[in-house]
Structures are given as structure tokens and as C-alpha cells.
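One letter stands for each residue in the lines below.
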Amino acid sequence: MLGVLVAPGVAGAVGIMRGRGQDSLFTITPGQMPACDSALSRRGLRDTITNAPGARLIGLTVQRVDAVSELASNPSRTPDQRVCIATVFTNAGRKLVGFTLFWANAAKDDVYLELPGGID
């Protein structure tokens, strides 16, 4: 049921993670793509799902982002992109969520997090 309700609203959702700020746990080193399992990526995933219009509509919230791993990326060959998968626990159950990280600007100090397949 979760996938049926949320996929249309969360599919294609994009969140931007800014490299600037006071909290060193969530800063981006310009030119260095964050790892899939970094604190920044986990927070970005949580925020992207929770702030998606479809998720807000049904009151979906992320309780925890569990195991996160890199799927198809090769940092030495594609340093500007990461393809990741995570186990996400929400108030509606547990789901595997695929997401992609890529640079949002030429300065390489902002990262987009995209949920191309939603959380179906």
C-alpha cells in the first residue's frame, strides 16, 4: 500500500544538499562527492522523502535510514555521480530506496539527491 500511495508523489523527487554551513558533519568538500553512506547523504535522503509533496499529503515520515550502500558507482571512473540504495524505515513500513547523487553546480559544492524510482 505504501508504494501505491507514495510512488506518484515521490517519484522523481529531488533534494539539494548545500555544501555551505556551520555543521561540519554535513559539509561538502568542494569537488569530493559524498559517499552513499555519509551523514550528509542519509540526511538528504530523509529530507527528500519527507518533503516530497506526495509524502506530505499522506503524512509519510522517515523514522530511520538503515543500511546504505553504493550500487553502480565507480568513484575512480565516475567521480561526479554515485548510485546508491538504502533501507528506509517510515511510519508506513520498511522499503528499499534507490537514489543517485550528482553535482548541482560547476563549483561542485552543492549535491542533488534524486529518487528516480520513488519509494515504491
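Residues numbered from 1 in each chain as written. Predicted model: local features only at pLDDT ≥ 70, side-chain atom pairs only at ≥ 80, totals over all residues. Heavy atoms only, no water.

A. A look at the state of the cysteines. This structure, assessed with the given rule, holds 1 disulfide. Paired through a disulfide, C36 and C84 show a sulfur-sulfur distance of 2.0 Å. Taking the torsion about the S-S bond as the criterion, the C36 to C84 disulfide, at about -70°, is left-handed. Residue C36 is found in the loop between β1 (13-18) and α2 (39-51), and its partner C84 is found in strand β3 (residues 81-90); the two are separated by 48 residues along the sequence. (Disulfide = S-S within 2.5 Å. Helix = DSSP H or I, 4+ residues; strand = E, 2+ residues; numbered from the N terminus.)

B. The side chain of D109, seen in detail. Structurally, D109 is set in the loop between β4 (93-103) and β5 (110-115). Within the structure, the side chain of D109 is placed 2.7 Å from the side chain of N105, a separation counted as a polar contact. (Polar contact = N/O pair within 3.5 Å; in protein donor to acceptor, adjacent residues only side chain to side chain.)

C. Summary view of the side chain of T87. Relative to the assigned elements, T87 resides in strand β3. Taking relative accessible area as the criterion, T87 reaches 14% and is therefore assigned buried. Filtering out sequence-adjacent residues up to four positions away, T87 remains in contact with R64, V65, D66, A67, R94, K95 and L96. (Buried < 20%, exposed > 50% of the residue type's maximum accessible area, 1.4 Å probe, protein only. Contact = heavy atoms within 4.5 Å.)

D. Here's a closer look at the pairing of β4. Bridge count between β3 and β4: 10 bridges; the pairing is antiparallel. Considered in β4, the bridge of A86 is made with V97. In this antiparallel pair of consecutive strands, β3 and β4, the connection spans 2 residues. Hairpin connection between β4 and β5: a loop of 6 residues separates the two successive antiparallel strands, and K108 in this loop has a positive phi of roughly 55°. (Pairing = 2+ DSSP bridges.)

E. Broad picture of the environment of R56. Residue placement: R56 occurs in helix α3 (residues 53-58). In contact with R56, not counting residues within four places along its chain, are T50 and N51.

F. α2, seen in detail. In this model α2 runs 18 Å from its N-terminal to its C-terminal C-alpha over 13 residues, within 8% of the 18 Å that 1.5 Å per residue would give. Within the span of α2, buried status applies to L40, S41, G44, L45, T48 and I49. In an axial view of α2, the angular spread of the buried residues amounts to 155°, which keeps them on one side of the axis. (Expected span 1.5 Å × (residues − 1). Arc of directions from axis to C-beta.)

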